[in-house]
Amino acid sequence: MAPKDIEYIEIAHRRAAEKKTHVSFPQLKYPSLRDEGLRHPVQWLEGKAMDDGAEGLWRVYDGLYDLTEFLNKHPGGAEWLELSKGTDITEAFETHHLTSVAVKMLEKYYVRDAKTPRNSPFTFEEDGFYKTLKREVLEVLKTIPAHESKRTDFIIDSLFVITLVTSVLSLIFTNYWFVMASYLIASVCLAWTAVASHNYLHRRTNWRMYLFNLTLWSYRDFRVSHALSHHLYPNTLMDLEVSGLEPFVLWNPRKKPSYAKLALLIELALFPFLFILAFLKRFSLNFTSKGFFKNHYKWHDGIGLLLPLWMYIVSGAPLFEVLKMWLWIDCTASLTFYSIGSNAAHHHPQIFKDGDQVKSSTVDWGMHELEAVMDRTDINGNFFKVMTFFGDHALHHLFPTVDHAMLSHLYPVFLKNCEKFKANFRMTSSIDLFIGQLKASVKVDPNLLEEQN
């Protein structure tokens, strides 16, 4: 290893230990509140507001805007703006709006310029990879029939109905094997319903996004941890889906405790209970976080309790038996969902993580997205798998508000621009990603430029 390589690794480990800046992007300060408390989504928003220089308004690039009067007019629903108030929404603004309509509208709400530089390494140059691709994707989307999205509706609706039916059958049947089959089908379909519903929670307010809450988790929390954090800043220190499992599972390249080698066992012990823990954590914030009940706890936080109520009313089984079966279903669904998610696309030794050496302190947002993801050859191409295993992942990251049924139509222009801009789009197998995420959990040294493919 060359001396300069050894020097970078030493610098990276020092930055990681000091926690003053990002490691890969040292011009950015270490995210406020990242390692404190319960690491819940509202805390992430509060920390981001502390770092973004938005002064209680909405920041887009270097401008501050007051969108208060626009909240209830927002086509995507007021919730997106309510959640993001006081933060820099540049990445969300660029990736959630494909046309120029939002740009023209935004000008009416300009207040003043921001006083501080943006706390993000990402750029959106007009002639760069992402905005060039976005313009071409918009033209392709105009040619796709609107009824194409009915395929996604059919899949999630079917999974929802199967969950309802089999959860009841698991209580009605008396034959052991029929009970076990019903329980397993209900568990897997509940997990798949949650995965499929993520296609909807990225978009404007709609009833199918609420199906996510059948798990006991909150789609509103997931909009923050997944859509506003993970999607916009994947595998950086601002990615809550990476920090949320710390210090139990550590995916960033760091000097790690000895228990990091037990990542698989830790995951198997944690994953079954994460839905329930998320529900309890969110409920507890009503008592420990000032203003949480008024500002963040909503009617839909109780949707998860409708499933056991449904099972009790329709089956006529004793309440204790209902609760026992429901908990088994929810815990198994939680294990299934998190197993799918952790092995979906982002944790592999050759995928970017904070700490890896980068060519520049700034990077085109779309180029970074592809550095932080790998697609799977055994998932893409099968639409049911795409909907239930986070498939077509790279394109979904680039265009999160586009219905999954449309993504396969975008590959020609996507691949053309990947070649033109030398974007790092990669595909591998699910088994390689599974092994890769275990390797990433024990990986200590960051990737150097010459080691990256």
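Keep in mind that what you see is a predicted model, and the values were worked out from it rather than measured.

Calculation criteria
Residues numbered from 1 in each chain as written. Predicted model: local features only at pLDDT ≥ 70, side-chain atom pairs only at ≥ 80, totals over all residues. Heavy atoms only, no water. Helix = DSSP H or I, 4+ residues; strand = E, 2+ residues; numbered from the N terminus. Buried < 20%, exposed > 50% of the residue type's maximum accessible area, 1.4 Å probe, protein only. Polar contact = N/O pair within 3.5 Å; in protein donor to acceptor, adjacent residues only side chain to side chain. Contact = heavy atoms within 4.5 Å. Phe/Tyr/Trp six-rings, centres within 6.5 Å; stacked < 30°, edge-to-face > 60°. Lys NZ or Arg CZ within 6 Å of the ring centre and 35° of its normal. UniProt positions renumbered as here; feature names shortened; annotations may be inferred. Axes fitted to C-alpha atoms, helices over the stretch in contact; angles between N-to-C directions. Parallel < 35°, antiparallel > 145°, perpendicular 65-115°, else oblique. Left-handed = near helix turned anticlockwise from the far one by under 90°. Nonpolar A, V, L, I, M, F, W, Y, C, P; charged D, E, K, R; others polar. Patch = residues over 30% accessible without salt bridge, like charges linked within 9 Å, V, L, I, M, F, W, Y side chains within 5 Å. Areas by Shrake-Rupley, 256 points an atom, 1.4 Å probe, with all protein chains shown as cover. Salt bridge = Lys/Arg side-chain N within 4 Å of Asp/Glu carboxyl O. Disulfide = S-S within 2.5 Å. Pairing = 2+ DSSP bridges.

Draft legend 1. Region of the structure containing the side chain of glutamine 43. As for its position among the elements, glutamine 43 is in helix 2 (residues 41-52). A relative accessible area of 9% places glutamine 43 in the buried class. Within the local environment of glutamine 43, its side chain forms a polar contact with the backbone oxygen of leucine 33, the two atoms lying 2.9 Å apart. Excluding its chain neighbours within four sequence positions, the residues that come into contact with glutamine 43 are Leu33, Glu36, Gly37 and Leu38.

Draft legend 2. Main features of the environment of glutamine 43. A C-alpha to C-alpha distance of 9.5 Å links glutamine 43 and serine 289, two positions 246 residues apart in sequence. At 2.6 Å, the side chain of glutamine 43 forms a polar contact with the backbone oxygen of glutamate 36.

Draft legend 3. Spatial organisation of the packing of aromatic side chains. Considering all chains together, one arrives at 36 aromatic pairs under this definition. Note on phenylalanine 212 and tryptophan 217: the rings are 5.3 Å apart at their centroids and 40 degrees apart in plane angle, and the pair reads as tilted. Judged on exposure class, the residue phenylalanine 212 and its partner tryptophan 217 are both buried. Between the aromatic rings of phenylalanine 292 and tyrosine 297, the centroid separation amounts to 6.4 Å while the plane-to-plane angle is 50 degrees, which identifies the pairing as tilted. Across this residue pair, the class does not change: phenylalanine 292 and tyrosine 297 are buried. Among the aromatic residues, those joined into a cluster by ring pairs are Phe212, Trp217, Phe222, Phe271, Phe275, Phe337, Tyr338 and Phe390. The side chain of arginine 151 reaches across the aromatic face of phenylalanine 383, ending 4.1 Å from its centre.

Draft legend 4. Main features of the UniProt feature "domain: Cytochrome b5 heme-binding" (unreviewed entry) in the chain. UniProt records the feature "domain: Cytochrome b5 heme-binding" (unreviewed entry) for residues 34-115 in the present numbering. As annotated, residues 34-115 has a helix share of 39% and a strand share of 12%, and its two end C-alpha atoms lie 23 Å apart.

Draft legend 5. View of the packing of helix 6 (residues 129-141) against helix 20 (residues 411-421). At a minimum axis separation of 10 Å, helix 6 and helix 20 run at an interaxial angle of 160 degrees. For the element pair helix 6 / helix 20, the angle class is roughly antiparallel. Crossing geometry of helix 6 relative to helix 20 is assigned as right-handed. Seen from helix 6, the contacting residues are Phe129, Thr132, Leu133, Glu136, Val137 and Val140; seen from helix 20, they are Val413, Phe414, Lys416, Asn417, Cys418, Lys420 and Phe421. Taken together, the residues of the contact of helix 6 with helix 20 break down into eight nonpolar, two polar and three charged.

Draft legend 6. Spotlight on a nonpolar patch on the surface. A contiguous nonpolar patch, built from Leu306, Leu309, Trp310, Tyr312, Ile313, Val314, Leu319 and Leu323 and spanning about 740 Å² of accessible area, is present on the exposed surface. Among the elements of the structure, helix 14 (306-315) and helix 15 (319-342) are those that each provide at least two residues to the nonpolar patch. Sorting elements by how many residues they give to the nonpolar patch places helix 14 first, with six residues. Here valine 314 is to be found in helix 14.

Draft legend 7. View of the state of the cysteines. A full pass over the atoms with the stated rule returns zero disulfides. No disulfide involves cysteine 189; its nearest neighbouring cysteine sulfur is the one of cysteine 331, lying 17 Å away. Look at cysteine 331 and you get buried, because its relative accessible area is 14%.

Draft legend 8. View of the sheet that holds strand 1 (residues 58-60). Taken together, three strands build an open sheet; the order of strands is 1-2-3 and the sheet is antiparallel. Strands at the two margins of the open sheet, each flanked by one partner only, are strand 1 and strand 3 (110-113). Each strand axis lies, on average, 35 degrees off the axis of its neighbour in the sheet, ignoring direction. When strand 1 meets strand 2 (residues 63-65), the two strands line up antiparallel, connected through three bridges. Within strand 2, the position partnered with tryptophan 58 by the bridge is tyrosine 65.

Draft legend 9. Representation of the UniProt feature "transmembrane region" (unreviewed entry) in the chain in the model. Under the UniProt annotation, "transmembrane region" (unreviewed entry) lies at residues 154-174, 180-201, 262-283 and 303-320. End C-alpha atoms of residues 180-201 are separated by 31 Å, and the span's content is 100% helix alongside 0% strand. Split by type, residues 303-320 is 67% helix and 0% strand. Its first and last C-alpha atoms lie 20 Å apart.

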